[in-house]
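Examination of the molecular architecture
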Amino acid sequence: MMANAHLATLNARHAALDASVVAETRRPVPDQVVLARLKREKLKVKEEINQLH
């Protein structure tokens, strides 16, 4: 049961990071450092989600 709550939290975090990546890329001058950080964090969350499956 706890894993399901954790998975839901991770999925929400992944979606939020994805939205942040999209928002940053739509800026007139996207910050590449911010984008790289967001993408790394998103990948970490995705890997954790995959480990739970």
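Here's what I pulled together on the structure shown here. Predicted model, so just to flag it, every value in this text is computed and none were measured.

It is worth spelling out the overall build of the protein at this point. Each helix and strand counted, the protein has 2 helices and 0 strands in total. Relative to the compact-globule value of 10 Å for 53 residues, the protein shows a C-alpha radius of gyration of 13 Å, a clear excess of over 25%. Seen along its three principal axes, the alpha-carbon backbone of the protein occupies a region of about 45 × 15 × 10 Å. Counting the 53 residues in the protein, one finds 19% classified as buried. Considering only residue pairs separated by 6 or more positions, the protein has 67% of its internal contacts joining residues 24 or more positions apart. Carbon and sulfur atoms make up 59% of the accessible area of the protein, which amounts to about 4100 Å² in all. Put simply, the protein has 9 plus and 6 minus side-chain charges, and the middle of one group is 3 Å from the middle of the other.

Turning our eyes to something else, we now look at the packing of helix 1 (residues 2-25) against helix 2 (residues 32-52). At their nearest, the axes of helix 1 and helix 2 sit 9 Å apart, and the two run at 155° to each other. Judged by the inter-axis angle, helix 1 sits roughly antiparallel to helix 2. Between helix 1 and helix 2 lies a crossing of left-handed hand. Contacts between helix 1 and helix 2 involve His-6, Leu-7, Leu-10, Asn-11, Arg-13, His-14, Leu-17, Asp-18, Ser-20, Val-21, Glu-24 and Thr-25 from the former and Val-34, Leu-35, Leu-38, Lys-39, Glu-41, Lys-42, Val-45, Lys-46, Glu-48, Ile-49 and Leu-52 from the latter. Partitioned by chemical class, the residues of the contact of helix 1 with helix 2 number 10 nonpolar, 5 polar and 8 charged.

Here helix 2 spans 30 Å end to end across 21 residues, near enough to the 30 Å set by a 1.5 Å rise per residue. Turning to helix 2, its buried residues number three or more, namely Leu-35, Leu-38, Val-45 and Ile-49. Relative to the axis of helix 2, the buried residues are bounded by an arc of 95° and lie together on one face. Exposed residues lying more than 90 degrees from the buried face of helix 2 are Gln-32, Val-33, Arg-40, Leu-43, Lys-44 and Gln-51. Of the surrounding secondary structure, the elements contacted by the buried residues of helix 2 are helix 1.

Quick notes on the rules
Residues numbered from 1 in each chain as written. Predicted model: local features only at pLDDT ≥ 70, side-chain atom pairs only at ≥ 80, totals over all residues. Heavy atoms only, no water. Helix = DSSP H or I, 4+ residues; strand = E, 2+ residues; numbered from the N terminus. Rg over C-alpha atoms; globule rule 2.2 N^0.38 Å. Buried < 20%, exposed > 50% of the residue type's maximum accessible area, 1.4 Å probe, protein only. Contact = heavy atoms within 4.5 Å. Areas by Shrake-Rupley, 256 points an atom, 1.4 Å probe, with all protein chains shown as cover. Lys, Arg positive; Asp, Glu negative; His and termini not counted. Charge placed at Lys NZ, Arg CZ, Asp CG, Glu CD. Axes fitted to C-alpha atoms, helices over the stretch in contact; angles between N-to-C directions. Parallel < 35°, antiparallel > 145°, perpendicular 65-115°, else oblique. Left-handed = near helix turned anticlockwise from the far one by under 90°. Nonpolar A, V, L, I, M, F, W, Y, C, P; charged D, E, K, R; others polar. Expected span 1.5 Å × (residues − 1). Arc of directions from axis to C-beta.

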